[in-house]
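Chains, contacts and geometry: an overview
Here is what each chain is made of, one letter per residue.
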Amino acid sequence: MNNNDILIRLRYTFDIKDSDMLDIFALGGLPLTLEELRVILKKQELDTDRDQALSRENLERFLNGFIISQRGVKRDKEGQEVPATFDMTSDALINNVTIKKIKIAMTYTTDHLQDFLAQSGKTVSTSELSAILRNKNQRNYKPAGDQILRNMLKGMALDYRGKS
């Protein structure tokens, strides 16, 4: 899956308008024009680079902005703003980080994620899902493939937009 494909699927799932997309990107630290957004949202050909239209850093900026738009700015005990993390240090981490950040933004539990996967016809055990959500440096970490992320986004879309 291309990075902009992830963004397109999230936009469809949550029915996010252009103006809201621009606001979310700005919250994540990437102000865009409407024209720049439209370039990002244009579907890429299958044989193009994963990040041709949207770099993994900018995808993560969107996800960070999505968390802020849904949950507000994270603050420490002293009330100081905690800066967003940038965990997509390689292409291999994109799917795992995307799943984690969606889970945080929407306050999903692992049961929610399993339900979304089940709605799309994919069964994932609790331990397998736990391994996907772990830190990459932990012993039982498991990379999430494109199929897991694709099925989760599909199940979310079915849940939010109906089965029609």
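What comes next is a walk through the structure. (Residues numbered from 1 in each chain as written. Predicted model: local features only at pLDDT ≥ 70, side-chain atom pairs only at ≥ 80, totals over all residues. Heavy atoms only, no water.)

Look at helix α4 (residues 56-71) against helix α5 (residues 94-105): their axes get within 8 Å of each other, and the N-to-C directions meet at 15°. As judged from the angle between their axes, α4 and α5 are roughly parallel. When the axes of α4 and α5 are compared, the crossing they make is left-handed. From α4, Arg56, Leu59, Glu60, Leu63, Asn64, Phe66, Ile67, Gln70 and Arg71 reach across to α5, where they touch Ile94, Val97, Thr98, Lys101, Ile102, Ile104 and Ala105. Its residues placed into classes, the contact of α4 with α5 shows 9 nonpolar, 3 polar and 4 charged. (Axes fitted to C-alpha atoms, helices over the stretch in contact; angles between N-to-C directions. Helix = DSSP H or I, 4+ residues; strand = E, 2+ residues; numbered from the N terminus. Parallel < 35°, antiparallel > 145°, perpendicular 65-115°, else oblique. Left-handed = near helix turned anticlockwise from the far one by under 90°. Contact = heavy atoms within 4.5 Å. Nonpolar A, V, L, I, M, F, W, Y, C, P; charged D, E, K, R; others polar.)

In this section: the packing of helix α6 (residues 110-119) against helix α8 (residues 146-161). Relative orientation of the contacting elements α6 and α8 amounts to 90°, with a least axis distance of 7 Å. By the angle class used here, α6 and α8 are roughly perpendicular. Between α6 and α8, the residues in contact are Leu113, Phe116, Leu117 and Gln119 and Ile148, Asn151, Met152, Gly155, Met156, Leu158, Asp159 and Tyr160, respectively. Looking at the contact of α6 with α8 residue by residue, the class counts come to 8 nonpolar, 3 polar and 1 charged.

The end-to-end C-alpha separation of α4 is 22 Å, in line with the 22 Å expected for 16 residues at 1.5 Å each. Among all positions of α4, only Leu59, Glu60, Arg61, Phe62, Leu63, Asn64, Gly65, Phe66 and Ile67 are buried. Of the surrounding elements, those touching the buried residues of α4 are α1 (3-14), α2 (18-27) and α5. Positioned one or two residues after α4, Gly72 has a phi angle of 90°, which is positive. (Expected span 1.5 Å × (residues − 1). Buried < 20%, exposed > 50% of the residue type's maximum accessible area, 1.4 Å probe, protein only.)

The backbone of Asp15 sits at a positive phi, close to 50°, despite the residue not being glycine. When its relative accessible area of 55% is taken as the criterion, Asp15 is described as exposed. Within the chain, Thr107 stands out as a residue other than glycine whose phi angle is a positive 50°. Secondary-structure assignment places Thr107 in the loop between α5 and α6.

In this structure, Leu10, Phe25, Phe62, Ile99, Ile102, Met152 and Met156 are the most contacted members of the largest nonpolar core, which totals 44 residues. Sorting the residues of this core by element identifies α1, α2, α3 (34-41), α4, α5, α6, α7 (126-133) and α8 as the ones contributing at least two each. Setting aside its immediate chain neighbours within four residues, Phe25 contacts Leu7, Leu30, Pro31, Leu32, Leu37, Leu54, Asn58 and Phe62. (Core = buried A, V, L, I, M, F, W, Y, C linked by side-chain atoms within 4.5 Å.)

Turning to α1, a few remarks are in order. Counted at 1.5 Å a residue, the expected span for α1 with its 12 residues is 16 Å, and the 17 Å between its end C-alpha atoms agrees. Where α1 is buried, its residues touch α2, α3, α4, α5 and α8. Of the residues trailing α1, Asp15 is marked for its positive phi of about 50°.

Right, let's get into the side chain of Glu60. For Glu60, the location among the structural elements is in helix α4. We classify Glu60 as buried; its relative accessible area is 1%. At 2.9 Å, the side chain of Glu60 and the backbone nitrogen of Met88 are in polar contact. (Polar contact = N/O pair within 3.5 Å; in protein donor to acceptor, adjacent residues only side chain to side chain.)

Read these as geometric descriptors, not functional statements.
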